[in-house]
Number of protein chains: 2
Amino acid sequence: MIKIVTIKDIAKATGCSPSTVSRVIANNSRISEKTKQKVRKAMQDLGYHPNLTARNLVVQSTKTIGVIMPSSADKSLQNPFFAEVLRGIGSYFHQEQFSILLSTGQTEQEKFKEVERMVLGKYVDGIILLYSRLNDPIIDFLKEKDFPFVIVGKPLEYKNEIVHVDNDNIKAGKDITAYLIENGHRRISFIGGAADLVVTIDRQKGYEMALKEAAIPVLKEYALHTEFLKSGGREAVEQILKLEVKPDAIVVSDDLISVGVISMLEEYGLKVPEDISLASFNNIYFSEIIKPALTTVDIQIYQLGVESAKAIIKMCMNQKLTRKRIIIPHDIVYRESVRLKK
Amino acid sequence: MIKIVTIKDIAKATGCSPSTVSRVIANNSRISEKTKQKVRKAMQDLGYHPNLTARNLVVQSTKTIGVIMPSSADKSLQNPFFAEVLRGIGSYFHQEQFSILLSTGQTEQEKFKEVERMVLGKYVDGIILLYSRLNDPIIDFLKEKDFPFVIVGKPLEYKNEIVHVDNDNIKAGKDITAYLIENGHRRISFIGGAADLVVTIDRQKGYEMALKEAAIPVLKEYALHTEFLKSGGREAVEQILKLEVKPDAIVVSDDLISVGVISMLEEYGLKVPEDISLASFNNIYFSEIIKPALTTVDIQIYQLGVESAKAIIKMCMNQKLTRKRIIIPHDIVYRESVRLKK
DNA sequence: CTGTTAGCGCCTTCAA
DNA sequence: TTGAAGGCGCTAACAG
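Residues numbered from 1 in each chain as written. Chains lettered and ligands numbered in written order. Predicted model: local features only at pLDDT ≥ 70, side-chain atom pairs only at ≥ 80, totals over all residues. Heavy atoms only, no water.

Draft legend 1. How the structure looks around the interface of chain B and chain A. Contacts between the two partners involve 55 residues from chain B, matched on the other side by 55 residues from chain A. For the pair chain B and chain A, the summed buried area comes to about 5,600 Å², and 60% of that belongs to carbon and sulfur atoms. The interface formed by chain B and chain A contains 2 salt bridges. Summed over the shared surface of chain B and chain A, the number is 12 residue pairs in polar contact (both at pLDDT 80 or more). (Contact = heavy atoms within 4.5 Å. Buried area = accessible area lost by both parts, 1.4 Å probe. Salt bridge = Lys/Arg side-chain N within 4 Å of Asp/Glu carboxyl O. Polar contact = N/O pair within 3.5 Å; in protein donor to acceptor, adjacent residues only side chain to side chain.)

Encoded structure:
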């Protein structure tokens, strides 16, 4: 083991006290420039670096945030969404010198244990939840402990108490459906991910609103749900194809599902957008490179990350947030999957 | 601020000393069952939880590992590969009570600073690098400090000194190419990601070996490289289509690129596998749901994660590793993108 | 089997 | 502008 250089060594080397060295590190204003220079030089020479653990212990803060992913047992993690939020979070954290402690639990159980450990062990200053589900014991726990946390997405309960960063998914659903309608589509179907996800619900709600406004009847059999990724929306397509009056357009709640839907459609000899139009959400990297390129709602995933990072850091610093609900604007990216009106 | 329950409080409440309490936490064998019970009860009642920071400080270890992603500026992060390794790492870490500190740097510069902070600040016990590139100052730094680290992938230099977890990509390249040859293909092209990535190089090497063994000439103009994700292999395809003698099969170094290649091929009126066969690597979720489903080499990404986790933890515990190079086996998943010999 | 004592490396009053 | 002293919460000898 190589000698560890501590604050004391610097003190000794420069002939001043540990507290002075500490103040130089903090760049305290009432230390003379001369001593600062001297101390800094010694730190260089001896290769000093502050021990973060020791500092964290005394300041009672770690400047690290626990980021909780959905249970990683399922494949939903392969959704580029998460990498992208993480990137957004990271970019802001970096400039604020915060770190990400990533949760790794495979089950709800495991995740809960981890959060408990992080929080009770005072290993993190705050938590970002990258998902939102009903009856989440983690949320209850965090609320009860009054521990700083923010949700990316929309909480199902306590909407007005929990800080969350979200899109206006209802409006997004409405916008994209309206676009389909504008282009002459009338029999519009909806394929959503897991029915209990709030995103799905909101987007579907918007879809229905748009139909109503255009005086198009909302048909129950036109709305389908499929596991977020599983079998890529295959069953959904099969159901649709069984319908008597087949839709001429589909709103799909996630680009990833769209990929599966398109494959399946093709298998049945239907071409997008010639035979049926398709519009979805998220605008992940894939949306652009597959054939046909997806017309999709860009929800600014990266920005969702950045804003959640800003929010949690503010909370950790005990700054007040002006609002609990932070909305990231969306906009439609027009590509090839929608047949246009001539 | 609510009262923080410390070890001393438990000591006071139970009438024993802090060290006894500490020993109960560690489940030390020479504490009587009676005291253990008593202490544990008090911990329950007062809601005690060990402060991890304090413990870390004294034991000089954090049980957390810094995991470094590639510079997140580019889109390569959207490759599901990373989510999947992370999942593998997490699963093993969880059972060993280790945590992941995720690096978030957007540039090489930023990443280096972060690693330096983690390492010098003794905030992590080890590092896992999720990529490998030439002249990486991070590797030099880690090596110089003699700090425990493992690379997922193959280091370009010091192969025999750096612990790394990798596939036998040369063999994988050879295997998949041989499969193409077996099925009657002769004019086989290679499309790789960034030419300076070791994976690319290795897979291409294997591709060439297979050709040679089958006495098929290796043509320079048949090997192309494209940015890992950028424009999804479009230019690559254009180049191929300009060739006088067009290939009847392509080996693509990443499933993600394949998606772009297929789109492009279709745009030019070529169908996979009828007109041209395609085989690639990684077997990500997508490979299965796109049309045609990809014949691809499954490299067991999850397992790469697990093994790198095992390795770094061993190193942190000063256990010797039997070998520096840990190979995860691969196997071919046969699907629809290759035209079979009748 | 248990208590006492000394730190881990740092920051922060308080006093000079 | 600086130093001395105490403590953050925990563990690990060393005693007994």
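Draft legend 2. A look at the protein's contact with DNA strand D. Around DNA strand D sit 27 residues in total, of which A:Thr20, A:Arg23, B:Ile7, B:Tyr48 and B:Arg55 are the nearest. Here, DNA strand D places atoms within 4 Å of the protein, and 68% of those atoms are sugar or phosphate. Here a phosphate oxygen of DNA strand D and a backbone polar atom of A:Ser17 are 2.8 Å apart. With respect to DNA strand D, the side chain of B:Tyr48 contributes an N or O atom lying 2.4 Å from a phosphate oxygen. Secondary structure elements with two or more residues in the surface near DNA strand D: helix H2 (18-25) and helix H4 (52-59) of chain A together with helix H2 (18-25) and helix H4 (52-59) of chain B. No other element matches H4(B), which puts 4 residues into the surface near DNA strand D. (Near = heavy atom within 4 Å. Helix = DSSP H or I, 4+ residues; strand = E, 2+ residues; numbered from the N terminus.)

Draft legend 3. Expanded view of the pattern of salt bridges. In total, this model carries 26 salt bridges over all chains according to the counting rule given. Where B:Arg133 meets B:Glu108, a salt bridge forms, and the shortest distance between an N and an O atom there is 3.1 Å. Of the two residues, B:Arg133 sits in the loop between strand E3 (126-129) and helix H7 (137-145) while B:Glu108 sits in helix H6 (residues 108-120), which places them 25 residues apart along the sequence. Where B:Lys171 meets B:Asp175, a salt bridge forms, and the shortest distance between an N and an O atom there is 3.0 Å. With B:Lys171 and B:Asp175 both in helix H8 (residues 169-182) and 4 residues apart, this pair spans about one turn of that helix. Taking the relative accessible area as the measure of exposure, B:Asp175 reaches 24% and is therefore partly exposed. Where salt bridges share partners, they join A:Glu108, A:Lys111 and A:Arg133 into one cluster. (Buried < 20%, exposed > 50% of the residue type's maximum accessible area, 1.4 Å probe, protein only.)

Draft legend 4. Structural context of the environment of A:Leu270. Residues and elements named next belong to chain A. The topology assignment puts Leu270 in the loop between helix H11 (255-267) and strand E9 (277-281). Between the alpha carbons of Leu270 and Ile10 there is a distance of 74 Å; along the sequence they are 260 residues apart. Once residues within four sequence positions are removed from consideration, Leu270 is found in contact with Leu241, Leu265 and Asp275.

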